[in-house]
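Remarks on the overall topology
Here is how the chains run, residue by residue.
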Amino acid sequence: MIFVDACFGKETPYTPVWMMRQAGRYLPEYMEVRKKAGNFLNLCHSPKLASEVTLQPVDIVGVDAAIIFSDILVVPNEMGMELDFVKGEGPVFEKPIREKKDLDKLIGGKEAADKLDYVYETIKLTREKLDKDKALIGFTGAPWTLATYMIEGQGTKTYSVVKKMLYSNPQFLHEVLKKVSEVVKHYLANQIRAGVDVVQIFDSWAAALEKDAYFEFSWRYIKDIVSYIKKEFPNTPIIVFPKGIGAYLDDIDGDFDVFGVDWGTPMELAKEKLGAKYVLQGNMEPCRLYSKVATKEAVEKISSIMQNKRHIFNLGHGILPDVPVENAKYFISLAKEVTKR
Ligand code: CP3
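Residues numbered from 1 in each chain as written. Predicted model: local features only at pLDDT ≥ 70, side-chain atom pairs only at ≥ 80, totals over all residues. Heavy atoms only, no water.

Moving on to helix α10 (residues 160-168). Owing to its 3.6 residues per turn, the α-helix brings residues three or four apart onto one side. Among the residues of α10, V162, M165 and L166 are the ones counted as buried. The buried residues of α10 occupy one face: seen down the axis, they fall within an arc of 100°. In α10, the exposed residues that point more than 90 degrees away from the buried face are K164, Y167 and S168. In this structure, the buried side of α10 is in contact with α9 (143-152), α11 (170-194) and α12 (211-232). (Buried < 20%, exposed > 50% of the residue type's maximum accessible area, 1.4 Å probe, protein only. Helix = DSSP H or I, 4+ residues; strand = E, 2+ residues; numbered from the N terminus. Arc of directions from axis to C-beta. Contact = heavy atoms within 4.5 Å.)

Looking now at the nonpolar core. Formed by 131 residues in total, the largest nonpolar core has its most connected members in M19, F259 and F331. Among the elements that line this core, the one with the most residues is α11, at 12 residues. Apart from the residues within four sequence positions on either side, M19 is in contact with Y26, V61, V63, L289, N314, L315, I319, A328, F331 and I332. (Core = buried A, V, L, I, M, F, W, Y, C linked by side-chain atoms within 4.5 Å.)

What follows deals with the site of the ligand. The full set close to the ligand counts 21 residues, and R21, R25, Y30, R34 and S204 are the nearest of them. Here an oxygen atom of the ligand sits 2.5 Å away from a polar atom, N or O, in the side chain of Y30. The contact in question runs from a nitrogen atom of the ligand to an N or O atom on the side chain of D71, over 2.7 Å. Summarising the interface, the protein chains cover 86% of the accessible area of the ligand, which totals 890 Å² for the free molecule. Spatially, the ligand is embedded in the largest pocket. (Near = heavy atom within 4 Å. Polar contact = N/O pair within 3.5 Å; in protein donor to acceptor, adjacent residues only side chain to side chain. Areas by Shrake-Rupley, 256 points an atom, 1.4 Å probe, with all protein chains shown as cover. 1 Å grid on protein atoms, 1.4 Å probe; cavity = no way out; pocket = protein on both sides within 12 Å on 5 of 7 lines; lining within 4 Å. Sits in = over half its atoms within 2 Å of the grid points.)

A regular strand places its side chains so that they alternate between the two faces of the sheet. The buried fraction of strand β4 (residues 135-141) amounts to 7 of the 7 residues, a majority that puts the element mostly inside the structure. Pairing analysis gives 3 bridges linking strand β1 (residues 65-67) to β4, with the strands arranged parallel. Looking at β4, one finds that A65 is bridged to A135. Alignment of β4 against strand β5 (residues 198-203), held across 5 bridges, turns out to be parallel. If you follow G141 over to β5, its bridge partner there is F202. (Pairing = 2+ DSSP bridges.)

Structure follows, in structure tokens:
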């Protein structure tokens, strides 16, 4: 499986490619299935339909790996927090965590992870249908990113609620992060047992923290999850994606295999700091997909920096809903062609 080989830094016939948020609103076929499901959460809860949309980008745009169709927020949802996706606003938790009794009410550990059975069922169904040479990627949010949503109650520009807690009651924030981490460990282990070939940890809100705070409140929990998974499943590659911490790369370490480079971090810098130790993934600016010329420019540049070694092609964050499908296909075929040279 070339994707898995590439994750471990092995020679592959070309640099494999996939896209973050690859199943989504830019595909008319996705919109059809979502209409059938009623809403986004129903779709996540229906293994047959979730499996169908997981496979769509492999068939339609030709990526080398399928990422399981779900969302990072199903974890707090199954811990007991009511979740709604509000049109135009994104995800909303009606009753965010503000004090100890809110946290104590939530289900933890294996019990919460076992409630995500619809994700494991989606994985089983998808792995049965997916070509043997294509990889299936499972994922989770990092504890810091999940806790931010759980404490703020929704997306935020200022992070003021979670940061107020960080500065005024750091012990309590650590309690939240510990509880989420325990669920995440079991969640990833269950996904691997159900059949994913690779797992990715998304830390989308990493850039909200100053350097020391990042290592104290986020990275140490990611490292802990990574060591646990590596010990239990040494043959499953682990990808980490902390978005927006290009200035902290000197202190990044841990037992993962692939570092996802966001679009704001120069690829040359990531290669210099981390390229010897880790396989790098990314880092094309997602809006380049609006233009074939801009896409080609980035693919050529990334390929010339990475020399088609120890690299996985991907966007430097998620694909946007109004990207023309034709341009997404162009990106995938170009990445494969360029890296075969
Ligand atoms: O990539 C894939 O195809 C797999 C599925 C996937 C989704 N969300 C589906 C989704 C993955 C890997 C995610 C991860 C996710 N979800 C992250 C981490 C990655 C990142 O982008 O930083 C975060 C922060 C979330 C939280 C989340 N979920 C938000 C902020 C939103 C609203 C986004 C928007 O543009 O409105 C979602 C909803 C969501 N998750 C959609 C999809 C396809 C859109 C739902 C829809 O309207 O159909």
